[in-house]
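These are the residues of each chain, in order.
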Amino acid sequence: MQLVVARIGRAHGIKGEVTVEVRTDEPELRLAPGAVLATDPSSVGPLTIETGRVHSGRLLLRFAGVADRTAAEALRNTLLIAEVDPEETPEDPEEYYDHQLIDLDVVTVDGTEVGRIAEISHLPYQDLLVVRRPGGGEVLVPFVSQVVPEIDLEGQRAVIDPPPGLLDDTQAEVARGQAPEEPGGRGGADRGGA
């Protein structure tokens, strides 16, 4: 099975290094020197990692055969893809590969059917489960333990405990201390006068 483990960013310096947006929880394993990675677009690869280092909080990689800034810049936005055994699981029991989560049925803690996981959206600060609803449409569920307390791979389901408003806008709570906005003006309970 193939997994996207990184996306190549801009060139760094003049010796062929590139910045990398890491998309794996195991960069030391997947993006180590000597690793051979498939690419998307496939015409660019495969690429063999020659060196890797962290600079100012960013991972920098250099690939075999990429010796200058021009060649490095040509790789920009290329996805790096690792071959992974489908039976392999992350070391941490609280982590999952995307392919393990796709197509899981999603139910609430009381057993109400919500839908099925269609994809995982990896954002900078948290991941979201994109859940397709049975009647059409989708809902974005934050993939955090408070909202998704259970993943049952054997039972092929994800159990969620949605906060008010996540599944039904009519249940959304208005933040305390905030007055509703008045037509044609800004919200606020006490405007003071002159």
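Refer to the structure above for everything that follows.
All figures in this text were calculated on a predicted structure; none of them were measured in a lab.

1. Some details on the overall build of the protein
Looking only at helices and strands, one finds three helices and 12 strands in the protein. Across the 194 residues of the protein, 30% fall into the buried class. For the protein, the share of sequence-separated contacts (at least 6 apart) that also reach a separation of at least 24 residues comes to 45%. When the accessible surface of the protein is split by element, carbon and sulfur atoms take 48% of a total near 12300 Å².

2. Some thoughts on the pattern of salt bridges
Scanning the entire structure with this criterion turns up seven salt bridges. Among the salt bridges present, the one from D105 reaches R116, with a minimum N-O distance of 2.7 Å. On the criterion of sequence distance, the pair formed by D105 in strand β7 (residues 105-108) and R116 in strand β8 (residues 113-122) is long-range, its members being 11 residues apart. Judged by relative accessible area, D105 falls into the partly exposed class, the value being 32%. A salt bridge links R132 to E138; its shortest N-O distance comes to 3.8 Å. With relative accessibility at 47%, the residue R132 sits in the partly exposed group. What makes E138 partly exposed here is its relative accessible area of 48%. In this structure, a network of salt bridges that share partners links the residues E150, D152 and R157.

3. Structural notes on the environment of A6
Structurally, the position occupied by A6 is in strand β1 (residues 2-12). Classification of A6 as buried rests on a relative accessible area of 0%. When near neighbours in sequence (up to four residues on either side) are disregarded, A6 contacts V20, E21, V22, R23, L31, T78, L79 and L80.

4. Considerations on the nonpolar core
Membership of the largest hydrophobic core comes to 22 residues, with the highest contact counts inside it found for L31, L61, F63 and L80. Those elements that provide at least two residues to this core are β1, β2 (17-22), β4 (47-55), β5 (58-63) and β6 (79-83). No other element matches β1, which puts five residues into this core. If you look at the next biggest cluster of nonpolar residues, it comprises 15 residues, including L101, V106, I120 and V141.

5. Topic: the pairing of strand β10 (residues 138-142)
Side chains of β10 alternate between two faces, with V139 and V141 buried and E138, L140 and P142 left unburied. When strand β9 (residues 127-132) meets β10, the two strands line up antiparallel, connected through five bridges. If you follow R132 over to β10, its bridge partner there is E138. Hairpin connection of β9 to β10: five residues between the antiparallel strands, including G136 at a positive phi of 105 degrees.

6. Topic: the sheet that holds β2
An order of β1-β2-β5-β4-β3-β6 is seen for the six strands of this closed barrel, with the pairing classed as antiparallel. Across the sheet, the axes of successive neighbouring strands diverge by a mean angle of 50 degrees, strand direction being ignored. Sheet analysis places β1 next to β6, joined by five bridges and oriented antiparallel. Each residue of the ladder has a partner; that of L3, found in β6, is A82.

7. Quick look at the sheet that holds β9
Judged by pairing direction, the sheet is mixed, and its six strands sit side by side in the order β10-β9-β8-β7-β12-β11 without closing on themselves. Lying at the two open borders of the sheet, with one neighbouring strand each, are β10 and β11 (150-152). Across the sheet, the mean angle from the axis of one strand to that of its neighbour is 35 degrees, orientation sign disregarded. Of the pairings in the sheet, the one linking β8 to β9 comprises six bridges and is antiparallel in character. If you follow I117 over to β9, its bridge partner there is V131.

Criteria and thresholds
- Residues numbered from 1 in each chain as written.
- Predicted model: local features only at pLDDT ≥ 70, side-chain atom pairs only at ≥ 80, totals over all residues.
- Heavy atoms only, no water.
- Helix = DSSP H or I, 4+ residues; strand = E, 2+ residues; numbered from the N terminus.
- Buried < 20%, exposed > 50% of the residue type's maximum accessible area, 1.4 Å probe, protein only.
- Contact = heavy atoms within 4.5 Å.
- Areas by Shrake-Rupley, 256 points an atom, 1.4 Å probe, with all protein chains shown as cover.
- Salt bridge = Lys/Arg side-chain N within 4 Å of Asp/Glu carboxyl O.
- Core = buried A, V, L, I, M, F, W, Y, C linked by side-chain atoms within 4.5 Å.
- Pairing = 2+ DSSP bridges.
- Axes fitted to C-alpha atoms, helices over the stretch in contact; angles between N-to-C directions.

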